[in-house]
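Observations on the model geometry
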Amino acid sequence: MKEYAAAVIGGGPAGMTAALYLLRSGVSVAVVERFAPGGQMLSTEIIENYPGYPGGIKGYELADRMADQLKDFPHDVYRQEVRTVEHQPGRNILRLDEDSIQAKAVIICSGVVWKRLGLEREEVFIGRGISYCALCDANFFKGQAVAAVGGGNTALEESIHLSKIVAKVYLIHRRDAFRGDKIFQDRIQKIANIQCIMNSVVTELLGDDHLTGLKLKRLSDGLESRLDVSALFVFVGSHAPTGFVPKDLRLGPDGFIVTDQEMRTNLPGVFAAGDVRDKLCRQVAAAVGDGATAAHSASLYLNQL
Ligand SMILES: Cc1cc2nc3c(=O)[nH]c(=O)nc-3n(C[C@H](O)[C@H](O)[C@H](O)COP(=O)(O)OP(=O)(O)OC[C@H]3O[C@@H](n4cnc5c(N)ncnc54)[C@H](O)[C@@H]3O)c2cc1C
């Protein structure tokens, strides 16, 4: 079994930054990523809020740039999925699709899974009108009408954020009452450009290259209608892809990993960075910061072994 000082799970911005920092400090590193490097950046048309790129940069381009920078430092990349991580004092065994590897320190950067509505062509429209993040994408729809789906706190908070930027928000919920906190519900009622459409579901996404509208169905009487919008923001939940982590690792709600501010988990030598952490801000800049911090903590851990 091949041995490394550190293994990084996930090749998104958090994982690539963690790997960069570790490699630059002379540590032997394995990066395990089941797809191409880039993570969610690969499904992002333009990233406008990453510092240093006025006017924005295409998601795949930023991913390529980060991946290119890593090529300057020899390291092993496994294009496989991590199935399990077995944690023992001072070492971790990672079982991948085909290989098994050993690492003294592990940095988990496996990101987040945004729950889909399950509609036909939903994947095609991601980045072309469908979004799971108002903070990321609201600005692209300045002055336009958009829809949001969901009934929990995220849907309510994100709709409030959207209402400050877009012309109109249709907030669609399948029940007759929201699940989110009353304080947000009260606030929503007072915002003139948010219109709540209750008891209704989206049944079809309209448009060719880009989303142009939705078909809706009212559940109480089956009435169908059409809504012209430039975007649909889906806020029906998220979870962390952490089914593979050691069984004693402390997880928060929906499987997100609990860390301290140095990205340390409750298990010595196991760190987490980026969207997989139990935290509020899920952005590229935040993931990069987490990755750097986790690598620094992992280096300190390795030095004292
Ligand atoms: C449509 C969209 C638009 C966005 N727009 C913006 C924006 O404009 N600005 C911004 O700052 N942020 C934006 N974001 C959010 C941003 O992309 C994320 O916050 C960021 O990518 C998180 O980085 P990460 O490295 O933590 O996780 P991710 O980017 O999710 O990367 C995680 C990686 O881990 C891999 N992985 C998971 N499990 C395993 C496993 N078991 N084995 C091997 N590999 C595994 C995944 O394949 C993935 O590549 C957007 C997100 C989306 C979906």
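Residues numbered from 1 in each chain as written. Predicted model: local features only at pLDDT ≥ 70, side-chain atom pairs only at ≥ 80, totals over all residues.

Quick word on the sheet that holds strand β14 (residues 200–206)
The test is simple: Think of it this way: DSSP has to see at least two bridges between two strands before they count as a pair. The helix and strand labels rest on DSSP assignments: H or I over at least four residues marks a helix, E over at least two residues marks a strand, and numbering proceeds from the N terminus. Orientation is described by lines fitted to C-alpha atoms, with helices fitted over the stretch in contact, and by angles between N-to-C directions that extend from 0 to 180 degrees.
A sheet is described by the order of its strands in space; here 3 strands give the open sequence β14-β15-β16, paired in antiparallel fashion. If you trace the sheet from one side to the other, it starts and ends with β14 and β16 (224–228), each paired once. Mean inter-strand twist for the sheet, computed between neighbouring axes without regard to direction, equals 30 degrees.

Description of the site of the ligand
Let me state the cut-off plainly: Only the C-beta atom matters for nearness: placed from the backbone, it must lie within 6 Å of the molecule or strand for the residue to count as near. As a working rule, the residues Ala, Val, Leu, Ile, Met, Phe, Trp, Tyr, Cys and Pro are called nonpolar, Asp, Glu, Lys and Arg charged, and the rest polar, with Gly in that last group. Annotation comment: domain bounds sourced from an automatic or database domain assignment.
Every one of the 43 residues lining the ligand counts as a neighbour, but Gly 10, Gly 12, Gly 39, Gly 111 and Gly 274 are closest to it. Elements with a contribution of two residues or more to the shell around the ligand: α1 (13–24), α4 (134–137) and α7 (284–303). Considering only residue class, the shell around the ligand consists of 21 nonpolar, 15 polar and 7 charged. Formed jointly, the shell around the ligand draws a minimum of three residues from each of two domains, domain 1 (2–112 + 240–303) and domain 2 (115–234).

Here's the deal with unusual backbone geometry
Excluding glycine, a negative phi dihedral is what most residues carry, and trans is how most peptide bonds are arranged. Inclusion rule: Between the buried cut of 20 or more and the exposed cut of 12 or fewer other C-beta atoms within 10 Å of a residue's own C-beta lies the partly exposed class, and all C-beta atoms are placed from the backbone.
One non-glycine residue, Arg 121, lies in the positive phi region at around 70 degrees. For Arg 121, the position within the fold is in the loop between β9 (113–114) and α3 (122–125). For Arg 121, a count of 14 C-beta atoms within 10 Å gives the class partly exposed. With a phi close to 60 degrees, Asp 254 is a non-glycine residue in the positive phi region. Here Asp 254 lies in the loop between β18 (238–239) and β19 (270–272).

Describing the domain arrangement of the protein chain
For clarity, the cut-off: What counts as a contact is two residues whose backbone-derived C-beta atoms lie within 7 Å of each other.
Domains assigned within the protein chain are domain 1 (2–112 + 240–303) and domain 2 (115–234). The interface is formed by 5 residues belonging to domain 1 together with 4 residues belonging to domain 2. When grouped by side-chain class, the residues that make up the side of domain 1 that touches domain 2 number no nonpolar, 3 polar and 2 charged.

Thoughts on the pairing of strand β13 (residues 194–197)
Quick note on the threshold: Orient the strands so they point away from the viewer, and a crossover whose first-strand-to-second-strand path over the helix runs clockwise is right-handed.
The sheet contact formed by strand β12 (residues 168–172) and β13 spans 4 bridges and is parallel. Paired with Tyr 170 across the bridge in β13 is Gln 195. What joins β12 to β13 is helix α6 (residues 182–189), and the crossover it makes is right-handed.

Considering the environment of Gly 150
Tracing the backbone through its elements, the reader meets Gly 150 in the loop between β11 (145–149) and α5 (153–163). Gly 150 sits in the buried class, given 24 other C-beta atoms within 10 Å. Along the primary structure Gly 150 and Phe 178 are separated by 28 residues, whereas in three dimensions their C-alpha atoms are 8.2 Å apart. Among residues more than four places away in sequence, those in contact with Gly 150 are Ala 155, His 173, Phe 235 and Val 236.

What to know about the sheet that holds strand β17 (residues 231–234)
Strand order in the open sheet formed by 5 strands is β10-β17-β11-β12-β13, with parallel pairing between adjacent strands. For this open sheet the edge positions go to β10 (130–131) and β13, each flanked by a neighbour on one side alone.

Focus on the nonpolar core
Note the cut-off: Think of a nonpolar core as buried Ala, Val, Leu, Ile, Met, Phe, Trp, Tyr and Cys residues, each tied to the set through C-beta atoms within 7 Å.
In terms of nonpolar packing, the biggest core is built from 53 residues, with Ala 6, Ala 7, Ala 18 and Ile 107 touching the most fellow members. Examining the composition of this core, we find that 8 residues originate from one element, α1, more than from any other. Dropping the residues within four chain positions of it, Ala 6 is found in contact with Leu 22, Val 27, Val 29, Ala 103, Lys 104, Ala 105, Ile 107 and Ala 298. In terms of nonpolar packing, the next biggest core, distinct from the first, is built from 30 residues, Leu 205, Leu 211, Val 229 and Phe 233 among them.

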